Amino acid sequence: MQLHVSPSLRHVTVFPGKGVREFIKVRIGSRWVSYRMLFYSLLFFTFLLRFIFVFSTVDTIDGDLSKCSTIGIYYLIIKLLYTLNEAISEEEVEPKSDIPQTLQDFMADIKQTTPDAKAFALKLRQMVLLLEQRTRKAKIQEYLYRHVASSSIPKHLHCLALKLANEHSNNAAARLQLPSADLVPTLVDNSFFHFVLASDNVLAASVVAKSLIKNALHPRKFVLHIITDRKTYAPMQAWFSLHPLAPAVIEVKALHQFDWLSKGKVPVLEAMEKDQRVRSKFRGGSSAIVAKNNTEKPQVIAAKLQALSPKYNSLMNHIRIHLPELFPSLNKVVFLDDDIVIQTDLSALWDIDMNGKVNGAVETCRGEDSFVMSKRFKSYLNFSHPLIANSFDPNECAWAYGMNIFDLEAWRKTNITLTYYHWLEQNLKSDLSLWQLGTLPPGLIAFHGQVHVIDPFWHMLGLGYQDNTTLSDAETAGVIHFNGRAKPWLDIAFPQLRPLWAKYIDFSDKFIKGCHIRVY
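None of the values given here were measured: they were computed from a predicted structure.

A.B. asks: What is the right way to look at the overall build of the protein in this model?
C.D. replies: Check the secondary structure of the protein and you find 22 helices and 13 strands. For the protein, the residues scored as buried account for 51% of the 520 residues in total. Within the protein, counting contacts between residues at least 6 apart in sequence, those at least 24 apart form 73% of the total. Just so you have it, the protein exposes about 25,400 Å², and 55% of that area is on carbon and sulfur atoms.

A.B. asks: In this structure, what is going on with unusual backbone geometry? I would like to understand it.
C.D. replies: Across the chain, the bulk of peptide bonds are trans and the bulk of non-glycine residues have phi less than zero. Across the junction of L178 and P179, the peptide omega takes the value 0°, indicating a cis bond. With respect to the secondary-structure elements, P179 resides in the loop between α6 (155-170) and β5 (193-198). The omega torsion across A246 and P247 is 10°, close enough to zero to call that bond cis. Examined against the element boundaries, P247 turns out to sit in the loop between α8 (230-242) and β7 (249-254). Not every positive phi belongs to a glycine, and N355 is a case in point at roughly 55°. On the secondary structure map, N355 appears in the loop between β9 (340-342) and β10 (359-361). One non-glycine residue, H516, lies in positive phi territory at about 55°.

A.B. asks: Please explain the state of the cysteines as it appears in this structure.
C.D. replies: Put plainly, two cysteines are in a disulfide when a covalent bond ties their sulfur atoms together. Per the counting criterion, the structure on display carries two disulfides. Two residues share a disulfide in this structure: C159 and C515, whose sulfurs sit 2.1 Å from each other. A torsion of -80° about the S-S bond marks the disulfide between C159 and C515 as left-handed. Of this pair, C159 sits in helix α6 while C515 sits in the segment after α22 (510-514), and the two are 356 residues apart along the sequence.

A.B. asks: For this particular structure, what's the right way to read helix α18 (residues 416-429)?
C.D. replies: With 14 residues, α18 should reach 20 Å at 1.5 Å per residue; the first-to-last C-alpha distance of 20 Å fits that figure. Here α18 has its buried residues at I416, T417, T419, Y420, Y421, W423, L424, N427 and L428. Positive phi appears at D431, one or two residues downstream of α18, with a value of about 60°.

A.B. asks: So what exactly am I meant to see when it comes to the packing of aromatic side chains here?
C.D. replies: Within a pair of aromatic rings, the relevant descriptors are the distance that separates the centres and the angle that separates the planes. One pass over the structure, following the stated rule, counts 15 aromatic pairs. Taking the centre distance of 6.2 Å and the plane angle of 80° together, the rings of F258 and F327 count as edge-to-face. Of this pair, F258 sits in the loop between β7 and α9 (259-262) while F327 sits in the loop between α14 (323-326) and β8 (332-336), and the two are 69 residues apart along the sequence. On the accessibility criterion, F258 (6% relative accessible area) is buried. Among the residues examined, F327 registers a relative accessible area of 7% and is labelled buried. Ring-pair connections join several aromatic residues into one group, and the members of that group are W399, Y401, F406, W411 and F447. The ring of F258 has K253 sitting right over it, with the charged end atom 4.5 Å from the ring centre.

A.B. asks: Please clarify how the environment of F406 should be interpreted in this entry.
C.D. replies: Within the element layout of this structure, F406 appears in strand β11 (residues 403-407). Along the backbone, F406 and N359 are 47 residues apart, and their C-alpha atoms lie at a distance of 4.9 Å.

A.B. asks: Would you mind going over the side chain of T232 with me for this structure?
C.D. replies: For T232, the location among the structural elements is in helix α8. Overall, T232 belongs to the buried group, its relative accessible area being 4%.

A.B. asks: It is not clear to me how the nonpolar core should be interpreted in this structure. Could you clarify?
C.D. replies: Membership of the largest hydrophobic core comes to 72 residues, with the highest contact counts inside it found for F195, F240 and L336. If near-sequence neighbours (up to four positions away) are discounted, F195 is found in contact with L212, F222, V223, L224, H225, V334, L336, L346 and W350. Grouped together as the second largest cluster of nonpolar side chains are 41 residues, F335, A361, Y401 and W411 included.

A.B. asks: What is the right way to read the sheet that holds β7 from this model?
C.D. replies: The strands making up a sheet associate through hydrogen bonds between their backbones, and the pairing can be parallel or antiparallel. If you walk across this open sheet you meet the seven strands as β7-β6-β5-β8-β11-β10-β12, and the pairing is mixed. Every interior strand has two partners, whereas the edge strands, β7 and β12 (451-453), have only one. The average angle at which neighbouring strand axes cross in this sheet is 25°, direction not considered. As defined by bridge partners, β10 adjoins β12 across three bridges and the pair is classed as parallel. Paired with A361 across the two strands is V453, which belongs to β12. The sheet strands contacting helix α7 (residues 202-214) are β5, β6 (222-228) and β8, and the helix crosses β6 at an angle near 170°. The sheet strands contacting α8 are β6 and β7, and the helix crosses β7 at an angle near 160°.

A.B. asks: How should the pairing of β5 be read in this particular structure?
C.D. replies: For a regular strand, side chains alternate in direction, first toward one face of the sheet and then toward the other. Among the six residues that make up β5, six are buried, leaving the element largely enclosed by the rest of the structure. In β5, alternate side chains face the same way, and those of F193, F195 and L197 on one face and H194, V196 and A198 on the other are all buried. With α7 bridging β5 and the parallel β6, this β-α-β connection has right-handed handedness. The pairing of β5 with β8 spans three bridges and is parallel. Within the sheet, the bridge partner assigned to F195 lies in β8 and is V334.

A.B. asks: Please clarify how the pairing of β8 should be interpreted in this entry.
C.D. replies: Counting buried residues along β8, five of its five residues qualify, which places the element largely inside the surrounding structure. On β8, burial covers both faces: K332, V334 and L336 on one face and V333 and F335 on the other are all buried. Pairing of β8 with β11 involves five bridges; the strand directions are antiparallel. Pairing of F335 across the sheet is with N404, part of β11.

A.B. asks: How do you make sense of the pattern of salt bridges when you look at a structure like this?
C.D. replies: Two side chains carrying opposite charge are able to pair once their charged atoms lie near each other. On inspection of all chains with the given rule, the structure shows five salt bridges. Among the ionic pairs, D337 bridges to R320, the shortest N-O distance being 3.4 Å. Taken together, the residues span a long stretch of sequence, with D337 in the loop between β8 and β9 and R320 in the loop between α13 (315-318) and α14 at a distance of 17 residues. Both residues of the pair, D337 and R320, count as buried. Taking the shortest distance from any N to any O, the salt bridge between K487 and D339 comes out at 2.5 Å. Taken together, the residues K487 in the loop between β13 (479-481) and α21 (499-502) and D339 in the loop between β8 and β9 connect sequence positions 148 residues apart.

What counts and how
- Residues numbered from 1 in each chain as written.
- Predicted model: local features only at pLDDT ≥ 70, side-chain atom pairs only at ≥ 80, totals over all residues.
- Heavy atoms only, no water.
- Helix = DSSP H or I, 4+ residues; strand = E, 2+ residues; numbered from the N terminus.
- Buried < 20%, exposed > 50% of the residue type's maximum accessible area, 1.4 Å probe, protein only.
- Contact = heavy atoms within 4.5 Å.
- Areas by Shrake-Rupley, 256 points an atom, 1.4 Å probe, with all protein chains shown as cover.
- Disulfide = S-S within 2.5 Å.
- Expected span 1.5 Å × (residues − 1).
- Phe/Tyr/Trp six-rings, centres within 6.5 Å; stacked < 30°, edge-to-face > 60°.
- Lys NZ or Arg CZ within 6 Å of the ring centre and 35° of its normal.
- Core = buried A, V, L, I, M, F, W, Y, C linked by side-chain atoms within 4.5 Å.
- Pairing = 2+ DSSP bridges.
- Axes fitted to C-alpha atoms, helices over the stretch in contact; angles between N-to-C directions.
- Right-handed = clockwise from strand over helix to strand, strands pointing away.
- Salt bridge = Lys/Arg side-chain N within 4 Å of Asp/Glu carboxyl O.

In structure tokens form, the structure reads like this:
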């Protein structure tokens, strides 16, 4: 909890705590004083100057004070401090309908009555509790609105998909084979640089592709494999047919077109179906999460809301665990999320010696930004569960998904994929108690011991959930990642960072203009 007092003492603002536990106590003299007592004491001292005039008109308080005497004021302060630390039942402290709603109401109430020290302290505590409840409610509403804003499909993105699907139906030029027949051999040629992008967002995919090719030193050696779902295949193919990125090679393929996925049962599909059923049963909808949680911290409620995000049950999010099967002829690929922007030539990633490891990734526990780069295993896994506590080190450094080098040849010699599904099954059996959301937690487990750390230059995180990143810092990174809710194509994006993404969009394009896509 934080307290801000205006210079005029006319306004007092209470903010929720950031990591300070309510039960913390400090030792003063021979007795322990609670954090709440210190807060109420500070609040009382803030009010004291404005109450001196009121106190001067009161003959006695509790029969011990003479009018406005210095000794009496000191006595009042000491007694009030003692009273604030006395045990007062929760029923007494619970806000009631007659509690003053503002500081002015509070002062007016004090002027009309002559309360003793305990009554004064009790009313003060009730008023503070009321402010805490209002702050908590407002914070929860903020998280709910952010959840709705980040989970909904913006109108302009829906419009773009519909217009491109219509173009695919009516225009033969929008149905070109990607790539052309003469370039098909490059799809399995390991002398090329192969990138994989899994996305059902045409606009986001277009930015990743354009930024990748535009910053390449030798684009004719770049092959971008775009994987999408059945419903987005036509719009995606139409976009890249009408917006070629030659001399680079672009492949657009829907999941149902992969032979491996069309044969028998596919673990990723089964896991998603089970995961969806469990989340529906144990998490409820966003309204239920907000309505049923009267005691949980707003941050906990925010985490539960985030677990409902569609991306966490998206096939595009899980499919990376099957890269060796999807690309059986390739030895190495770089996997890209659709909320990144490439700002440098990525062919240099093939020069990194992986030392026999499978996954080349940036660590997220070291860096100047302590908010973004402070993630360890305990940030994602529930170490209060014995299955996790007995298997992993909570302080082990985590790493980032979003721009990863995968040595598929080394991967095929491991049991990474089987380990991934084993732990997904364990999480489902434990009612999602091992971790709550995302593909990173099971990824941390599956790739445990198989991660080669690469330079942070290659992957800058956090542009979608905190606005402390400056434009100048972001411009110096090789790849920037808008991970978090504030995606650059949403209205809730951070305006100072959005231009880094928007500069790869041609706003004069007829499809972009027709759907009123613009930078706000």
